[in-house]
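# A closer look at the structure
What follows is each chain in one-letter form.
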Amino acid sequence: MKVIMPSYYPNFACIAGACRHSCCVGWEIDIDEDRLTEYRAAEGPLGKRLAESISMEGGAHFILTQEERCPFLNQEGLCDLIIGLGEDHLCQICADHPRFRNFWSDRTEIGLGLCCEAAAELILCDPVPMALTVLSDDGGDETPDEEEAWLLDLRRQVIGLLQDRSRPLTDRVRGMLDVCDAGYPEGSPAAWAVRYLALERLDEQWTERLTALSGSPLEWDAPAAVPDTAMEQLLVYFVYRHFPAALEDGDIPSKAAFAALSAGLIRVLAALTGEPLTELARMYSAEIEYSDENLWTLFETLGEA
């Protein structure tokens, strides 16, 4: 079994107290069984804090403060569990974030989610085209099945199209959609903003941006101070992360349309607000990619188009 990673993956590092959008705020933090056993056995003042900070209602998780902060996130933006026990004693969800994994018969693919501002900066500001590399290989003889092999080859072709910098970006996006037998999502950015407003939303700032876009006359080609290289990286990220979902529903066109729609909407929001692409991509990822309900609602909507 191989572990596959994007070329930028090894360069990621949490920026801890310097993070403006801590993953320890506003997110429910589940505790896996191994760590729950360890935390219950902890002694001293930290053990007492742990006992008072864990709820078993609906599954083990930390009880957030009134400000929706993890009870172990201190005022310097650092984790008291890491300070007191060490990084190896974090619960699995904290140790993994913002990493994601997709599983195939012959490989596990890992990546970094754009919901993390450090990951967004690393991915979208990299001038070098993303390449997939082998992080580890146990020498096993697993092979992808026929459906997986076909999808892997298609995704490889799509990423190659998107990274062909001899062509205008709009042509590359069209090439991706054509090869996947998909159409560009119909409707104006304002109309899609209304659809996104109907999804589950967590951050009021995201709601404000969608509301502003819903009343805007901007079209998809509105001028934006966004480098083509950043848009390329954004599109490739969505393709790498979400094409494997077609193994679940067999719907490849909706995954290509999702990549085009997501990148297009983020770009139009940049044109509307003047905010950095990295910040808008971070918000989009947190609101859409980390809600299965929102993500699959969009896949189904695009699959019906």
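Data block above holds the structure.
So, here is what we can say about the structure in this document. (Residues numbered from 1 in each chain as written. Predicted model: local features only at pLDDT ≥ 70, side-chain atom pairs only at ≥ 80, totals over all residues. Heavy atoms only, no water.)

## Quick look at the pairing of strand S5 (residues 107-112)
Threshold: Remark: exposure states derive from per-residue accessible area (1.4 Å probe, protein chains only) relative to the maximum for the residue type, with buried under 20%, exposed over 50%, and partly exposed in between. Each helix is a run of DSSP H or I of at least 4 residues and each strand a run of E of at least 2, with the numbering of both proceeding from the N terminus. The pairing criterion is simple: DSSP has to find at least two bridges between the two strands.
Burial analysis of S5 places six of its six residues in the buried class, the great majority of the element. For strand S1 (residues 2-6) and S5, the ladder comprises three bridges, and the chain directions are parallel. Note that in S5 the partner of Ile4 across the bridge is Glu109. The pairing of strand S4 (residues 99-103) with S5 spans five bridges and is antiparallel. By the bridge assignment for S5, Arg101 is matched with Ile110. Where S4 folds back onto S5 in an antiparallel hairpin, the turn is made up of three residues.

## Brief notes about the packing of helix H7 (residues 169-179) against helix H12 (residues 252-273)
Going by this rule: Think of each axis as a best-fit line through the C-alpha atoms, taken over the contacting stretch in the case of a helix, with angles from 0 to 180 degrees between the N-to-C directions. Relative orientations are named as follows: roughly parallel for angles under 35 degrees, roughly antiparallel for angles over 145 degrees, roughly perpendicular for angles from 65 to 115 degrees, and oblique for any other angle. By the definition used in this description, the sense in which the near helix is turned from the far one sets the handedness, with an anticlockwise turn below a right angle giving left-handed and a clockwise turn giving right-handed. Note on contacts: a residue pair is in contact if any heavy atoms of the two residues lie within 4.5 Å. When residues are sorted by character, Ala, Val, Leu, Ile, Met, Phe, Trp, Tyr, Cys and Pro go into the nonpolar class, Asp, Glu, Lys and Arg into the charged class, and all the rest, Gly among them, into the polar class.
The N-to-C vectors of H7 and H12 enclose an angle of 160°; their axes lie 9 Å apart at closest approach. In this view, H7 runs roughly antiparallel relative to H12, as classed from their interaxial angle. The chirality of how H7 crosses H12 is left-handed. Note on element contacts: H12 touches H7 through Ala256, Ala257, Ala259 and Ala260, opposite Val173, Met176 and Leu177. Residues of the contact of H7 with H12, tallied by class, amount to seven nonpolar, no polar and no charged.

## Some words on the environment of Gly26
Structurally, Gly26 can be placed in the loop between S1 and helix H1 (33-41). Between the C-alpha atom of Gly26 and that of Cys70, which follows or precedes it by 44 residues, the distance is 8.2 Å.

## Some details on a negative patch on the surface
To keep things clear, this is the line we draw: Patch membership needs two things, relative accessible area over 30% and no salt bridge, and members are linked within 9 Å if like-charged or within 5 Å if nonpolar (Val, Leu, Ile, Met, Phe, Trp, Tyr). What sets the accessible areas is the Shrake-Rupley method with a 1.4 Å probe; for residues, cover comes only from the shown protein chains. A pairing counts as a salt bridge when a side-chain nitrogen of Lys or Arg comes within 4 Å of a carboxyl oxygen of Asp or Glu. We count Lys and Arg on the positive side and Asp and Glu on the negative side, and we leave His and both chain ends out. In this description, the location of a charge corresponds to atom NZ of lysine, CZ of arginine, CG of aspartate or CD of glutamate.
Taken together, the side chains of Asp137, Asp138, Asp141 and Glu142 make up a negatively charged region of the molecular surface. Along the chain, Asp137 falls in strand S6 (residues 132-137). Residue Asp137 is classed as partly exposed on the basis of its relative accessible area, which comes to 47%.

## With respect to unusual backbone geometry
In the segment running from His97 into Pro98, the intervening peptide bond is cis, with an omega of 5°. Within the fold, Pro98 resides in the loop between helix H4 (92-96) and S4. With phi around 60°, Glu68 is a residue other than glycine that occupies positive phi space. Tracing the chain through its elements places Glu68 in the loop between strand S3 (61-62) and helix H3 (80-85). Glu68 gets classed as partly exposed once you look at its relative accessible area, which sits at 47%. Phi is positive for Asp181, close to 55°, though the residue is something other than glycine. Tracing the chain through its elements places Asp181 in the loop between H7 and helix H8 (189-197).

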